[in-house]
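Report on the structure
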Amino acid sequence: MTSSISERITTICASLPPSVRLIAVSKTFSSEVIRTAYNAGIRDFGENRIQEAASKQAELHDLADITWHFIGHLQSNKAKKAIELFDWIHSVDNLKLAQRLNQLAQQLEVSPHVCLQVKILPDPHKSGWSVPELLADLPALNQCKNLQIQGLMTIPPVGLNNAEIINVFKNTHKLAKEIQEQNWSHIKMQELSMGMSGDYQLAVQAGATMVRLGTILFGERT
Ligand SMILES: *Cc1c(COP(=O)(O)O)cnc(C)c1O
């Protein structure tokens, strides 16, 4: 890529519908790179490792209006740090983790925004609820009153063609609607976190409200 980060940000922001929130996935990139993206207008950043995020956040503490999104697999022993460092956790992938986060949120007197990670198709390489598992866990999730459950997150398995990918995204959207129609008191389904550099246009077509873009903004990770 020969264009600069700020040029790429401008182009991609202009191509997204205004209803779609761009999460710039800055994992592996330095705090200077994040600062460049901030100066180009980005306020939402995604990270997938707690330690890495903690040190970058310390270096960027002067940028007080950044919203930090955790997008990686979260181990239970890092749940407390995650709540302290992040406003959003997109990758809540099982009931035990949700309950642990809920308990910690109560103790810390915060109410993090979370998405529930769902696997529309079986995928041994990813964590997340299957659709039947998620539907079965909704009553218990509805008890997690210190979490602001905002919607679903999904990542299609690798190796699908575009038609199959868009089906994954459409089925995620459909599932969110079904859950919303059940009218849970503490589960909202207004957000769909789906779409990465290779497939975000398909995700947007299927109703994504948050896209998580790394490579297309910052270049290849090494
Ligand atoms: C790394 C990562 C992204 C960004 O991926 P790109 O293909 O670089 O855009 C998005 N979502 C998750 C969960 C990730 O781990």
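Look a little higher up for the structure.
Now for a quick tour of the structure.

Procedures and definitions
Residues numbered from 1 in each chain as written. Predicted model: local features only at pLDDT ≥ 70, side-chain atom pairs only at ≥ 80, totals over all residues. Heavy atoms only, no water. Near = heavy atom within 4 Å. Polar contact = N/O pair within 3.5 Å; in protein donor to acceptor, adjacent residues only side chain to side chain. Nonpolar A, V, L, I, M, F, W, Y, C, P; charged D, E, K, R; others polar. Salt bridge = Lys/Arg side-chain N within 4 Å of Asp/Glu carboxyl O. Helix = DSSP H or I, 4+ residues; strand = E, 2+ residues; numbered from the N terminus. Buried < 20%, exposed > 50% of the residue type's maximum accessible area, 1.4 Å probe, protein only. Pairing = 2+ DSSP bridges. Arc of directions from axis to C-beta. Contact = heavy atoms within 4.5 Å. Lys, Arg positive; Asp, Glu negative; His and termini not counted.

Looking now at the site of the ligand. Surveying the vicinity of the ligand reveals the residues V25, K27, I71, I155, M196, S197, R212, L213, G214, T215 and R221. At a separation of 2.5 Å, an oxygen atom of the ligand approaches a polar side-chain atom of S197. Between the ligand and G214 there is a distance of 2.8 Å, counted from an oxygen atom to a backbone nitrogen or oxygen. The residue inventory of the shell around the ligand, partitioned by class, reads five nonpolar, three polar and three charged.

Here the focus is the pattern of salt bridges. Under the defined criterion, the tally for this structure stands at eight salt bridges. The closest approach of N and O atoms between E84 and K80, which form a salt bridge, is 3.2 Å. You can see E84 and its partner K80 sitting in helix α4 (residues 79-85), four residues apart, about one turn around the helix. What makes K80 partly exposed here is its relative accessible area of 41%. The partner of K126 in a salt bridge is D123, and the shortest N-O contact between them spans 3.2 Å. The partly exposed category is assigned to K126, whose relative accessible area is 21%.

We now examine the pairing of strand β9 (residues 210-213). Because side chains alternate across β9, one face comprises the buried residues M210 and R212, and the other comprises V211 and L213, equally buried. As judged from the four bridges shared by strand β1 (residues 21-25) and β9, these two strands associate in the parallel manner. From the neighbouring strand, L22 faces β9, where its bridge partner is V211.

We now examine helix α1 (residues 5-15). The set of residues buried in α1 consists of I5, R8, I9 and I12. What you see down the axis of α1 is that its buried residues fit within an arc of 100 degrees, all on one side. Pointing more than 90 degrees away from the buried face of α1 are the exposed residues T10, T11 and A14. Where the residues of α1 are buried, they touch α2 (31-39), α8 (200-205), β9 and α9 (215-218).

With that out of the way, let us pick up the side chain of K27. Inspection of the secondary structure puts K27 in the loop between β1 and α2. Buried charge without a partner: K27 forms no salt bridge, and the closest opposite charge is E47, 8.7 Å away.

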